[in-house]
Each structure stands twice: as C-alpha cells, then as structure tokens.
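Inside the fold
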Amino acid sequence: MKKANSLNQKTYLLKITEKTELGKGVMLVASGYIFCYMFMVPEGMTILDRGSTTSRIYFDHPILYWVWVILACTAFFFNLDQMRRRYGMRQPSLAVFQYAAIVGLFTSVAVPTSLAEEPETMSEYLHFWIHMGATMVCIFGGLFCVLFLFIYKMKEDKRFKKWFFGYLVFIISMLAVCAVFGLNGLMETILVLGMMGVVYVLNHTNALPPEPGA
C-alpha cells in the first residue's frame, strides 16, 4: 500500500527547479533573446513573411538557433516545474505534457526543414512532416500543460475559470490567424512569448496566488 501511495504522489519534479529566482532569471533572458532572434530574418524578408520562421532562420544562423533552443527549453522546463509545484499539481499527465514539449523541440531541431521552400522528394516530405509534427508536440505540450492546470484547479477555485477561458481564447485566436495568413516569425514569436508571459505571471507574481495548503 505504501508503495502504491508513493507512486501516486510521484510528480517528476526536479530538485534544481525549486530555485525560483533562477527560473525567473532564465525566463526573462529567454524572452528577451527570443524577441530579438525574431528579427534575424534572411535579407529581403520581413517578420511577416512565411520564410521568417524560427526554423528557417536556423539555416542562416545555426549557433544562434541553438542558443534559442537551450534558453527556451531551460525556461519552460524550470517554470513549468515551478508552476506545478506552486499549485500542488500531482497529476502525472501534466508531467507528460511538460516532458513531451522538450522532446518535441529537440526533435524539430534534429530534423530541420524550411517552410520557405516546398518539399519535392520523399525524403524532403518526410523531414517536413517530422519537423512539423515535432513542432506541434512542442507547442501544444507547453500550452496543454498550462491549460490543464486551469482545468484541474477551476473545479475547486473559481478564480481559475477566467484564466482558463482567456487562455483558451488566446490559443484559438493564434491558431486561427496562422491558419488564415500562414505561420510567420511574428506569429510564432507571439505564441511562444504569450505562453511564457502566462507562466511568468503564475509563477512570479501574486496575480493568482495559490490557496493556503495547496
């Protein structure tokens, strides 16, 4: 029985992520870097062009892109860990989404592709769909981790209901704009920084403080 209870309480939280100020600092540095990286588009392009995505910039600035990946991974991992710890979330599904986002990001790096060029061969199509699938796993892993925290918590705390619907509207509106106008560097960056902003507010402000005993 004790062993079963121990497994049920396992949250896969890392000890190092207890350092709240470290997570806060990494999030701020990563946010600033991601914003500046958005403008590293190829000559002749703007951040509104389809070829201005983070993945496309990789081909011109691979080292800068790896810095982007490392900062983004560290910021999200630290802060999603801290978010789950702060609100006492023991659901294993949240850890699954958190880890899936990191795996998806590194997979998208391992299988690069450019949206600026249409795939022609079977190999290029395979690279394209693996890259896009991994990117979607990365984005939705982080989004759903936050979304399901709101779903779980709003059952016992009505304060989370407004945040849930606001966050849901943000996700849907971003996806709708990308579906209509296509993915570009600006929309991609807004999506990433928007999610970072929500997690930062939850972790490092008193906008939605956890209830005593959470």
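1. Focus on a nonpolar patch on the surface
On the surface, Tyr12, Leu14, Ile16, Leu22 and Tyr99 cluster together into a nonpolar patch covering about 440 Å² of accessible area. Note on placement: isoleucine 16 falls in the loop between α1 (2–8) and α2 (20–37).

2. Remarks on empty space enclosed by the protein
Summed over the entire model, instances satisfying the criterion amount to four cavities of 30 Å³ or more. Size it by volume and the largest cavity reaches roughly 320 Å³. What lines the largest cavity is a set of 22 residues, among which Trp68, Leu105, Cys138, Ile139 and Val192 lie closest to the centre. For the lining of the largest cavity, the elements supplying multiple residues, two or more each, are α3 (54–57), α4 (62–86), α5 (92–110), α6 (122–154) and α8 (185–204). With six residues, α4 is the largest single contributor of residues to the lining of the largest cavity.

3. Remarks on the pattern of salt bridges
By the definition in use, this model includes five salt bridges. Across the salt bridge formed by arginine 56 and aspartate 60, the nearest N and O atoms sit 3.2 Å from each other. Lysine 153 is paired through a salt bridge with glutamate 156; the nearest N and O atoms lie 3.2 Å apart. Given a relative accessible area of 8%, lysine 153 falls into the buried group. Look at glutamate 156 and you get exposed, because its relative accessible area is 56%.

4. So, the nonpolar core
If you look at the biggest cluster of nonpolar residues, it comprises 51 residues, and the most contacted ones within it are Val146, Phe150 and Tyr167. Among the elements that take part in this core, α4 stands out by supplying 11 residues, more than any other. Phenylalanine 150 has contacts with Phe160, Trp163, Phe164, Tyr167, Val198 and Leu202, leaving out every residue within four places of it along the chain.

5. Things to note about the side chain of aspartate 157
Residue placement: aspartate 157 occurs in the loop between α6 and α7 (159–181). Among the polar contacts made by the side chain of aspartate 157, one reaches the side chain of arginine 159 at a distance of 2.6 Å.

6. Quick notes on the state of the cysteines
Tallied over the full model, the rule gives zero disulfides. Cysteine 138 forms no disulfide, and the closest cysteine sulfur to it belongs to cysteine 73, at a distance of 6.9 Å. Cysteine 145 forms no disulfide, and the closest cysteine sulfur to it belongs to cysteine 138, at a distance of 12 Å. Here cysteine 145 falls in the buried class, since its relative accessible area comes to 0%.

7. Things to note about the environment of aspartate 49
Mapping aspartate 49 onto the fold places it in the loop between α2 and α3. Contacts of aspartate 49, omitting those with residues within four sequence positions, involve Gly44, Asn184 and Gly185. Only 2.8 Å separates the side chain of aspartate 49 from the backbone nitrogen of threonine 46, close enough to count as a polar contact.

How each quantity is defined
- Residues numbered from 1 in each chain as written.
- Predicted model: local features only at pLDDT ≥ 70, side-chain atom pairs only at ≥ 80, totals over all residues.
- Heavy atoms only, no water.
- Patch = residues over 30% accessible without salt bridge, like charges linked within 9 Å, V, L, I, M, F, W, Y side chains within 5 Å.
- Areas by Shrake-Rupley, 256 points an atom, 1.4 Å probe, with all protein chains shown as cover.
- Salt bridge = Lys/Arg side-chain N within 4 Å of Asp/Glu carboxyl O.
- Helix = DSSP H or I, 4+ residues; strand = E, 2+ residues; numbered from the N terminus.
- 1 Å grid on protein atoms, 1.4 Å probe; cavity = no way out; pocket = protein on both sides within 12 Å on 5 of 7 lines; lining within 4 Å.
- Points joined across faces, edges and corners; volume = space filled by probe spheres on them.
- Buried < 20%, exposed > 50% of the residue type's maximum accessible area, 1.4 Å probe, protein only.
- Core = buried A, V, L, I, M, F, W, Y, C linked by side-chain atoms within 4.5 Å.
- Contact = heavy atoms within 4.5 Å.
- Polar contact = N/O pair within 3.5 Å; in protein donor to acceptor, adjacent residues only side chain to side chain.
- Disulfide = S-S within 2.5 Å.

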